[in-house]
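Summary of the model geometry
Given next are the chains, with one letter for each unit.
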Amino acid sequence: MNVVVCVKQIPDPATPGELDASTKTLRRSGSIILDDSDAYGVEMGLQLADKAGGGEVILVSMAPNNENKGLRTALAMGAAKALLISDEALAGSDALSTAKVLAKAIERADADLILTATESTDGYTGTIPAQVAELLGLPMVTFAKHIEVDGDRVKVQRQTEAGYDEVESPLPAVVSVTAGVVEPRYPSFKGIMAAKGKPVDELKVADLGLDAGQVGWAGARQEIADVSAAEERKAGEIVEDEGDGAERIVAFLEQLKVI
Amino acid sequence: MEFSESAEHQMLRRAVGDLTAKYGHEYFLERARSGGKTTELWNELGRNGFLGVGLPEEYGGGGGGISELAVVCEEVAAQGCPLLLILVSAAICAEVITRFGNEDQKRAWLPGLARGDKMVFAITEPDAGSNSHKVATTATRDGDVYRLRGTKTYISGVDEADRMLVVTRTGVDEITGHAQLSLFVVDTDAPRLERTLIPTEITAPERQFQLFFEDVEVPADRLVGEEGAGLRQVFFGLNPERITGACISTGIGRYALAKAAAYARERSVWGVPIGTHQGVSHPLATAKIELELARLMTTKAAWLHDHDADRNVAGEAANMAKYAAAEAGLHCLDAAIQTHGGNGMASEYGLADLWGLARLLRIAPVSREMVLNFVAQQTLGLPKSY
């Protein structure tokens, strides 16, 4: 079974992020890593391919400047190869343009299952998985906390606020996974060394049969109107316990309608 | 020449750092204070192949070298979990057995060491601290066994290892009068091997022991390498020990400076963060420079060792790295404590508890004075004082 995992390579969240004032977009220089939230999909894909007794995990990623550091991490975990789409024409791509590019790349991979995270750690739109499924004309299951493949069907426990739903879908399908789905492995040293020799196919927009006008700034239907700093969290209220501490906490929780 | 870190080393660093960060300094401290061990962390590092990165692949290792083990060792320490047994088990013992063990011995012990079995190293004696020529623990051949008699001191982690590599005297060189040394792998629970704990002021999970070999029988096939060639063989293990020892120091230095810089950016008592004041920032910057210089020499020493450079050149670099790193680690920790003011001594800030270990690394695995002797005599050609 071949599993495609969509992975994003993002600026290391441990270093302070910076916005480009003119484009209002995140600067993607400096240390780039595999988005932590994508490590779950990679691990799930590896386990499913392993359980199926054959097939491989293929990574699909779109990134500026042929960036492949994050891909190398996922390859070191055990993925077999990667498709990397990198093109100056992609600068300024909104979520839908990104989904178009990913979908076109996924079409080349002959996948039985496509895994994504629920959202990226730097962009948080959370819209791309559904857009990719729609563009590919495939069924989609979101928020998977458990996945099993049974023949040509996928069984998913889908996280909900109250618990989980059991959902089944024919394959191929797109499934977005939560951080609870599996515990990602650490790349072993052998895996790290083996990743050096694994293929990363670099593709341009034209290779995918897309027109440069459909993507990037030119194709964007979404515009960033304004960017402002998140409001700083206000200092909490300190309740001095003068014998009525418990009652005051209860009153506070009631006011929040928590109890 | 190539001074930027390879993508592979960066990835290894991140993987080990992420794994260790799950545990962190509080875990380390809790175990050290309660007399517990860092077994979960050690085993997880072993399971993922990080303790065996330097061992040959045919024996279950990662196929890397001391350069990779150095990355592992530093990264673990930089997350606040300095693990002394890496330099004993994964550096010295694994190196000596890989180089000098016979095929049966390598098959017997290396895969376990690669997975995280612990083997400790027993060389120092009450009357032969840094002077290996004076080793007095004897091994006498008696049929199929050797009989070991003598005392070893400051042997780390005997209580958590299954085996140890013991340096013994099997003869005397008639010309020099120096001991002829031989190495044996001895089970830590061998009959007539007694141990007593040496209480120390080091806050670490590894404890120190004095060992008494009272006619301990060791099968002859536990002799590693050639009888009488032990000193030469031990020397091959000492460079990895010095290099990984340096990495514990630089790891502690990184841990301390990261905490200090974060504190100095946030803490404000005169209206601005205290890091604004040069009285605070300059000692941290100075320590950072010393730290990076020490890391550079440590990386060089590991590279020279892995590339089988001339023994004197590799030894010189390992000694210099060990010296510089121990000093830098202490200076970083000192500057970090000073930056924290009174909080530097508070348990919850997790700095002062590392002082004993950072200070120990100026003494062990080779003392500052012995490094200076080496450089004075070997590098500068000055007369020997002893």
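Rules and cut-offs
- Position numbers for residues count from 1 along each chain, tracking the sequence in the order it is written.
- Going through the entries in the order they are written, you letter the chains from A and number the ligands from 1.
- In keeping with the predicted nature of the model, local features appear solely for residues at pLDDT of at least 70, side-chain atom pairs appear and are counted solely at 80 or more, and the whole-chain, interface and lining totals rest on all residues.
- Hydrogens are left out, water is left out, and the side-chain values use all remaining heavy atoms of the structure.
- Any two strands with at least two DSSP-identified bridges between them are counted as paired.
- Going along the chain from the N terminus, every DSSP run of H or I of four or more residues is numbered as a helix, and every run of E of two or more is numbered as a strand.
- Axis lines are fitted through C-alpha atoms, for helices just across the contact stretch, and the angle between N-to-C directions can take any value from 0 to 180 degrees.
- Note on contacts: a residue pair qualifies if any of its non-hydrogen atoms lie within 4.5 Å across the two residues.
- When two parts are brought into contact, each loses some accessible area as probed by a 1.4 Å sphere; the total of that loss over both is the buried area.
- When a carboxyl oxygen of Asp or Glu is within 4 Å of a side-chain nitrogen of Lys or Arg, the pair counts as a salt bridge.
- Think of a polar contact as two N or O atoms within 3.5 Å of one another; within protein, one of them needs to be a possible hydrogen donor and the other a possible acceptor, and neighboring residues in sequence only count if both atoms come from side chains.
- In this count, Pro and Cys sit with the nonpolar residues alongside Ala, Val, Leu, Ile, Met, Phe, Trp and Tyr, while Asp, Glu, Lys and Arg are called charged and the others, Gly among them, polar.
- Where each domain begins and ends is defined by an automated method or by a domain database.
- Each residue is assigned to one of three classes by its accessible area relative to the maximum for its type, calculated with a 1.4 Å probe on protein chains only: buried under 20%, partly exposed between the two thresholds, exposed over 50%.
- With respect to orientation, any angle under 35 degrees is reported as roughly parallel, any angle over 145 as roughly antiparallel, any angle of 65 to 115 as roughly perpendicular, and every other angle as oblique.
- Crossing chirality is assigned from the near helix's rotation relative to the far helix, an anticlockwise turn below a right angle marking it left-handed and a clockwise turn marking it right-handed.

A word on the sheet that holds strand E6 (residues 57-62) of chain A
Hydrogen bonding along the main chain pairs the strands of a sheet, whether they run parallel or antiparallel. Residues and elements named next belong to chain A. Reading across from one edge, E11-E10-E9-E12-E8-E1-E6-E7-E13 is the order of the nine strands in this open sheet, with mixed pairing throughout. Whereas interior strands pair on both sides, the edge strands pair on one side only; in this sheet they are strand E11 (164-170) and strand E13 (200-203). On average, each strand axis in the sheet is inclined to that of its neighbour by 30°, with strand direction left out of account. The pairing of strand E9 (residues 140-150) with strand E12 (residues 173-177) spans three bridges and is classified as parallel. Paired with Ala144 across the two strands is Val177, which belongs to E12.

Quick notes on the interface of chain B and chain A
In this assembly, 20 residues from chain B lie in contact with 14 residues from chain A. Between chain B and chain A, roughly 1,400 Å² of surface is buried when both sides are summed, and carbon and sulfur atoms account for 67% of that area. The three residues of chain B that bury the most area against chain A are B:Glu8, B:Met11 and B:Arg14, which together make up 43% of that side's buried surface. Here chain B and chain A share one salt bridge between them. One salt bridge in this structure joins A:Asp12 and B:Arg14, with 2.6 Å as the shortest N-O distance. Between the two partners, chain B and chain A, sit two residue pairs in polar contact (both at pLDDT 80 or more). In terms of residue count, helix H1 (residues 7-21) of chain B provides more of the side of chain B that touches chain A than any other element does, eight residues in total. Among the residues making up the side of chain B that touches chain A, the classes are represented as six nonpolar, seven polar and seven charged.

What about the domain arrangement of chain B?
Residue and element names in this part refer to chain B. We note that the domain assignment places domain 1 (7-118), domain 2 (120-227) and domain 3 (231-379) within chain B. One C-alpha centre belongs to domain 2, the other to domain 3, and the line joining them spans 30 Å. In this complex, domain 2 contributes 14 residues to the contact, which on the side of domain 3 involves nine residues. With both sides pooled, the region where domain 2 packs onto domain 3 buries about 930 Å², and carbon together with sulfur makes up 67% of that total.

Some remarks on the packing of helix H4 (residues 66-78) of chain B against helix H8 (residues 278-306) of chain B
It is at 8 Å that the axes of H4(B) and H8(B) come closest, and there the two elements cross at 145°. Here B:Ile66, B:Ser67, B:Glu68 and B:Glu74 of H4(B) come into contact with H8(B), specifically with B:Arg295, B:Ala302, B:Trp303, B:His305 and B:Asp306.

Looking at the side chain of B:Glu75
Residue and element names in this part refer to chain B. Within the secondary structure, Glu75 sits in helix H4. By relative accessible area, Glu75 is classed as buried at 5%. Dropping the residues within four chain positions of it, Glu75 is found in contact with Arg13, Val16, Gly17 and Arg254.

Thoughts on the packing of H1(B) against helix H3 (residues 39-47) of chain B
All names here are of chain B. For the pair H1 and H3, the least separation of the axes is 10 Å and the interaxial angle reads 155°. As summarised for this structure, H1 and H3 are arranged roughly antiparallel, according to the angle between their axes. As for the relative orientation of H1 and H3, their crossing is right-handed in sense. Between H1 and H3, the residues in contact are Val16, Leu19 and Thr20 and Leu41, Glu44 and Leu45, respectively. Of the residues that constitute the contact of H1 with H3, the class distribution is four nonpolar, one polar and one charged.

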